[in-house]
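# Examination of the molecular architecture
The residues making up each chain are set out below.
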Amino acid sequence: LTPQELRERFIASGTDAVYAFQTRNPTHAGHAYLMQDAGRQLKAMGYKKPLLWLTPLGGWTKDDDMPLDVRIHQHQVIIEEGMLPSDTVMAIWPSPMIYAGPTEVQWHCKSRRNVGARFFITGRDPAGIKRSKNENQMQVGGDFYDGNHGRYVLQTSPGMGEMKILSFSKVVYDKLDNKMKPPDKNRKSDFLSISGSTMRALAKKGAPPCPDSIPANWEETKPCIPNGFMVKRGWELMIQYYQDPANTKWIGYSRMMSEPLIAPGDFVTMGKFGKPSWTLYFQNANGERISPWHDVPVYPHSQDHSQADRIVTMMVEIPMGRMEKLEVNKETEFNPIKQDTKKGKPRYYKYGVPFFNYGMLPQTWENPAKKDQAGHSGDGDPLDVMEIGSRQLPTGSVVQVKVLGIYSLIDQGEVDYKIIVINKDDPLASSMRTEADIDAAVKDRLADWLKMYKTAEGKAVNELTNDEMEGPLKAMSVIKETYNYWKEGRENGKI
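Quantities reported herein were computed from a predicted structural model and do not represent experimental measurements. (Residues numbered from 1 in each chain as written. Predicted model: local features only at pLDDT ≥ 70, side-chain atom pairs only at ≥ 80, totals over all residues. Heavy atoms only, no water.)

## Here we look at the side chain of Arg310
Assignment of secondary structure puts Arg310 in the loop between β11 (289-290) and β12 (311-318). Polar side-chain contacts of Arg310 include one of 2.2 Å to the backbone oxygen of Arg433. Once residues lying within four places of it in the same chain are set aside, the contact partners of Arg310 are Val401, Lys402, Val403, Arg433, Thr434, Pro472 and Met476. (Helix = DSSP H or I, 4+ residues; strand = E, 2+ residues; numbered from the N terminus. Polar contact = N/O pair within 3.5 Å; in protein donor to acceptor, adjacent residues only side chain to side chain. Contact = heavy atoms within 4.5 Å.)

Right under this line is the structure:
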């Protein structure tokens, strides 16, 4: 549901208080206790019809977190089995998890307030980073944040308005009645603390439900999952995932599943967009398949490589505003456009929404056998292009662009040039001839993107040989050089 649809749903329900619970984990009895008790507290305050908004996080999470589709199915089972209040609305919140501890807790709370939640449940252990490693790469201490930091910061956070916090401390499993509750210091031996890592380990080994009485040596052996900790169907879903986590069928986090934005023209599409099978083939006017890499001329007017007007041909792979990482596939015959994959899963930009159209220059090749003056080899791909005009260009667009400048990106010891251009028909094109005509803020954003975009995937910062964009003369020289490399590669059968 969209925020507007959620607000309408809340109004239609007749509720007098919406209380939200944000989670990136499967729901167990400890979570259920917080949600059930929060509802009891609100009724004690005089609210007649409180409504629980279960708001599982739908954006990116770490690879060792449970995938979104498994979590959603597990939440549905929990609701069906009656572990949560009868008045519950579940709606995915498509925000990524950045593990920023108390800072992120404030975002989760205030963003839900903007949709209509008046109360926010907060417990212990805001997800955060670990402490730094020392010079021997040994962890110094444990979690960076104390388990109570999130709720403490939230209770003193400015800008909360009318939003109220329902704060809870740790809850544990009572062996006497198989229920989660706050610990009783007078009978510590009756309680078990079941961590997330313990729950995952039990699911991985397919642990069955415990007998009516918990084994005395449970904490040492952990042979079973305590009764009441999770409903049977929910636990079976946990086991199903953790015994086969590498299966590519799991959906890790929510992704745009809309139709691709494809240019008008002669194309053949195969497979489903958003899946590894999706493929976009180019055709000529006779219906014959062609290669956008090899059969489209880079120089649109002639083979005069000086090209005084600095106009070349760009083929658009990723439209401005789209996050699917689409690219010409070098290994497949006719070089169709496909979505890049990692470990069998489609890749998306995670650093942010691209503010440029991204693509390649046909008939160019960054030859890995050739090195630049600094000794960097080519990356073996066509030249990459970033078009900074004011219009979104669909995937498959073949457009004539004006060359403005170039960045030299060093990626794992290879040089990966980025040609900066503008569509010659863009309203801004007449005011741009060189890199000096590009707004300084745009150049800063381009340099930041190129250096930082892989950090969202846990990789190191990229290196630019020069943070300042170099001009069109250098760019045209690189285009000519890589065009000649492409010709040689075609002639000797290397590409």
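## Things to note about the state of the cysteines
Applying the stated criterion across every chain yields a total of one disulfide. The disulfide partner of Cys210 is Cys224, and the gap between their sulfur atoms is 2.0 Å. Looking down the S-S bond of the Cys210 and Cys224 bridge, the torsion is 90 degrees, so its handedness is right-handed. You can see Cys210 sitting in the loop between α6 (196-204) and α7 (218-221) and its partner Cys224 sitting in the loop between α7 and α8 (232-242), a full 14 residues away along the chain. Using a relative accessible area of 5% as the deciding quantity, one classes Cys210 as buried. For Cys224, a relative accessible area of 4% puts it in the buried group. (Disulfide = S-S within 2.5 Å. Buried < 20%, exposed > 50% of the residue type's maximum accessible area, 1.4 Å probe, protein only.)

## What to know about the sheet that holds strand β4 (residues 119-122)
Remark on secondary structure: sheet strands pair via backbone hydrogen bonds, oriented parallel or antiparallel. In spatial order, the strands read β3-β2-β1-β4-β5; together these five strands make up an open sheet with parallel pairing. Only two strands of the sheet have a single partner each, and these edge strands are β3 (88-90) and β5 (164-167). With direction set aside, neighbouring strand axes in the sheet form an average angle of 25 degrees. As defined by bridge partners, β4 adjoins β5 across four bridges and the pair is classed as parallel. Counted as the bridge partner of Ile121 is Leu166 from β5. (Pairing = 2+ DSSP bridges. Axes fitted to C-alpha atoms, helices over the stretch in contact; angles between N-to-C directions.)

## Here we look at the sheet that holds strand β6 (residues 172-174)
Across the sheet, which stays open at both edges, the three strands sit in the order β7-β6-β8 with antiparallel pairing between neighbours. Two strands bound the open sheet, and with one partner strand each, they are β7 (179-181) and β8 (191-192). With two bridges connecting them, β6 and β8 associate as antiparallel partners. Each bridged residue has a counterpart across the sheet, and for Tyr173 the counterpart in β8 is Leu192.

## Regarding the nonpolar core
Soluble globular proteins: nonpolar side chains tend toward being buried together. With 59 residues, the main nonpolar core has Val312, Leu361, Ile419, Leu446 and Ile479 as its most contacted residues. The greatest single-element share of this core, amounting to eight residues, is contributed by strand β20 (residues 398-411). Those residues in contact with Ile479 that lie beyond four places of it in its chain are Val298, Tyr299, Val312, Leu361, Thr364, Leu383, Val403 and Ile419. Grouped together as the second largest cluster of nonpolar side chains are 47 residues, Met35, Ala203, Trp218 and Met230 included. (Core = buried A, V, L, I, M, F, W, Y, C linked by side-chain atoms within 4.5 Å.)

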